[in-house]
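Letter by letter, the chains look like this.
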Amino acid sequence: DGGITQSPKYLFRKEGQNVTLSCEQNLNHDAMYWYRQDPGQGLRLIYYSQIVNDFQKGDIAEGYSVSREKKESFPLTVTSAQKNPTAFYLCASSMNRGPPPEAFFGQGTRLTVV
Amino acid sequence: AQKVTQAQTEISVVEKEDVTLDCVYETRDTTYYLFWYKQPPSGELVFLIRRNSFDEQNEISGRYSWNFQKSTSSFNFTITASQVVDSAVYFCALSEARGGSEKLVFGKGTKLTVNP
């Protein structure tokens, strides 16, 4: 089935560690996104990529890094510089032409700092 | 700057009641797109509807309907005869129409609980 797969579903990080969240899509979409969701805050954009080997900062990029080496993959690294990383992280993808398309979302990764 | 406001944080209704979720937006663009997404307990967001700024016709899809009014910058969502399966968080979102993939600006969401 076509879709977006995020892994792991739950992730625990110790203070000072970097962790990487995986996002893979088989929808042949050019664009991919990472959002952070906090209770009562809605979704905020961390990074997005419209094409392989290119990505742009979103509204809350500090403390995060991404790569886009393959069309299907857009991993997010939460670095030790992110002061409050505990949150629900959602990856999405969409087509990259025409009017703003609907985005397809993964089931999310819940990151907790212990 | 773009902004989406969903003033209702949580709504609780009894099954079969009708319920309206409010969405008010701000943008300086004359061409833009509005979206509604549903987030069930499983976590992923599910696309419900996209509407461009030039199309003010109301839309109905089964028990769902949407009322778009540019004069009040609102894009409200009504569920008729609500069901327990409608329980979820609903997000309204806005995107500028610059072509190609665009980032969405989301409201903070409205948590709907439908009780049996």
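Provided above is the structure to which this section pertains.
Residues numbered from 1 in each chain as written. Chains lettered and ligands numbered in written order. Predicted model: local features only at pLDDT ≥ 70, side-chain atom pairs only at ≥ 80, totals over all residues. Heavy atoms only, no water.

(A) Structural context of the state of the cysteines. Taken as a whole and judged by the stated rule, the model has two disulfides over all chains. Here Cys 23 of chain A pairs with Cys 91 of chain A through a disulfide, and the sulfurs are 1.9 Å apart. Here the S-S torsion is close to -75°, and the disulfide linking Cys 23 of chain A with Cys 91 of chain A is therefore left-handed. Taken as a pair, Cys 23 of chain A in strand β3 (residues 19-25) and Cys 91 of chain A in strand β9 (residues 87-94) lie far apart in primary sequence, 68 residues in all. You can call Cys 91 of chain A buried: its relative accessible area is 0%. Covalently, Cys 23 of chain B is tied to Cys 92 of chain B through a disulfide, its sulfur atoms 2.0 Å apart. With the S-S dihedral at roughly -65°, the linkage between Cys 23 of chain B and Cys 92 of chain B falls on the left-handed side. Of this pair, Cys 23 of chain B sits in the loop between β3 (19-21) and β4 (24-26) while Cys 92 of chain B sits in strand β10 (residues 88-96), and the two are 69 residues apart along the sequence. In this pair, the class of Cys 23 of chain B matches that of Cys 92 of chain B, namely buried. (Disulfide = S-S within 2.5 Å. Helix = DSSP H or I, 4+ residues; strand = E, 2+ residues; numbered from the N terminus. Buried < 20%, exposed > 50% of the residue type's maximum accessible area, 1.4 Å probe, protein only.)

(B) Up close: the pattern of salt bridges. Inspection of the entire model under this criterion finds six salt bridges over all chains. A salt bridge links Lys 71 of chain A to Asp 30 of chain A; the shortest N-O distance between them is 3.4 Å. Taken together, the residues span a long stretch of sequence, with Lys 71 of chain A in the loop between β7 (64-66) and β8 (76-78) and Asp 30 of chain A in the loop between β3 and β4 (31-38) at a distance of 41 residues. The partner of Glu 59 of chain B in a salt bridge is Arg 51 of chain B, and the shortest N-O contact between them spans 2.3 Å. By sharing partners, the salt bridges in this structure join Arg 36, Asp 38 and Arg 44 of chain A into a single network. (Salt bridge = Lys/Arg side-chain N within 4 Å of Asp/Glu carboxyl O.)

(C) A nonpolar patch on the surface, seen in detail. Together, Tyr 10, Phe 12 and Val 114 of chain A make up an exposed nonpolar region whose accessible area comes to about 370 Å². Tracing the chain through its elements places Phe 12 of chain A in strand β2 (residues 10-13). (Patch = residues over 30% accessible without salt bridge, like charges linked within 9 Å, V, L, I, M, F, W, Y side chains within 5 Å. Areas by Shrake-Rupley, 256 points an atom, 1.4 Å probe, with all protein chains shown as cover.)

(D) A look at unusual backbone geometry. Across the junction of Ser 7 of chain A and Pro 8 of chain A, the peptide omega takes the value -10°, indicating a cis bond. A positive phi angle, near 60°, is found at Asn 28 of chain A, a position not held by glycine. Summarising the element assignment, Asn 28 of chain A is placed in the loop between β3 and β4. With a relative accessible area of 53%, Asn 28 of chain A lands in the exposed category. One non-glycine residue, Ala 81 of chain B, lies in positive phi territory at about 50°. Mapped onto the elements, Ala 81 of chain B comes out in the loop between β9 (74-79) and β10. Since its relative accessible area comes to 31%, Ala 81 of chain B is described here as partly exposed.

As far as function goes, none of this settles anything; it's purely spatial.
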